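Listed below, chain by chain, are the residues.
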Amino acid sequence: MSSPRKRDGGDTSVITRPAVKSKPMLEKPKLYKVLLHNDNYTPMEFVVLILQQVFHKTEAEAVAIMLHAHTHDYAVAGIYSFEIAETKVAETMALADKAQFPLLCTMDPE
Ligand code: TYC
């Protein structure tokens, strides 16, 4: 008489995954600094206005950022996603062009 077979087949082997952490499929959002560059012709008041209207700074913040650019050659006006940074650069350059000031605004990956 044959012995009764175990119902589960008795196989206790376990398939293990390699000890490698799976990488979450999330991209770190890339951020961009928007820079205002100093020049000798754009009036300080105009730069302060740009910082208030385009970058939503308070008057005190705007004056501090403008003075930083004035004394250190450039200042960070804000840090944004690519699309927002691109829009702020375009808005700033359009306002400077319209007022015929040579103010330069660029963006740089953080
Ligand atoms: N240097 C300019 C002046 O003396 C003022 C200025 C400040 C211009 C900051 C640009 O990003 C700038 N009139």
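Residues numbered from 1 in each chain as written. Predicted model: local features only at pLDDT ≥ 70, side-chain atom pairs only at ≥ 80, totals over all residues. Heavy atoms only, no water.

Student: What's the story with the nonpolar core in this structure? I'm lost.
Tutor: For soluble globular proteins, nonpolar side chains are generally found buried alongside one another. Of all hydrophobic cores here, the largest spans 22 residues; its most connected members are Val34, Leu36, Leu51, Phe55 and Leu103. Only strand 1 (32-37), helix 1 (44-53), helix 2 (59-72), strand 2 (74-80) and helix 3 (82-98) provide two or more residues apiece to this core. Considering every element that reaches this core, the biggest residue donor is helix 1, with five residues. (Core = buried A, V, L, I, M, F, W, Y, C linked by side-chain atoms within 4.5 Å. Buried < 20%, exposed > 50% of the residue type's maximum accessible area, 1.4 Å probe, protein only. Helix = DSSP H or I, 4+ residues; strand = E, 2+ residues; numbered from the N terminus.)

Student: Please explain the sheet that holds strand 1 as it appears in this structure.
Tutor: Strand pairing in a sheet relies on backbone hydrogen bonds, with the paired strands running either antiparallel or parallel. One open sheet holds the three strands; their spatial order is 2-1-3, and the pairing between them is antiparallel. Lying at the two open borders of the sheet, with one neighbouring strand each, are strand 2 and strand 3 (104-109). When the angles between neighbouring strand axes are averaged without regard to direction, this sheet yields 30 degrees. Running over the sheet, helix 3 touches strand 1, strand 2 and strand 3 and is turned about 165 degrees from strand 3. (Pairing = 2+ DSSP bridges. Axes fitted to C-alpha atoms, helices over the stretch in contact; angles between N-to-C directions. Contact = heavy atoms within 4.5 Å.)

Student: What exactly am I supposed to notice about the pairing of strand 1 here?
Tutor: Each regular strand carries side chains that alternate between the two faces of the sheet. Taken together, the six bridges between strand 1 and strand 2 define a ladder with antiparallel strand orientation. Bridge pairing in strand 2 links leucine 35 to valine 76. Pairing of strand 1 with strand 3 involves six bridges; the strand directions are antiparallel. Within the sheet, the bridge partner assigned to valine 34 lies in strand 3 and is methionine 107.

Student: Teacher, can you tell me more about the confidence of the model for the chain here?
Tutor: Low-confidence regions, as indicated by low pLDDT, have predicted coordinates that should not be scrutinised in detail. Here the chain averages 88 in pLDDT, and 82% of its residues register 70 or above. Contacts from residues 1-10, a stretch scored under 50 in pLDDT, to residues over four places away or in other chains number zero contacts. (pLDDT = per-residue confidence, 0-100.)

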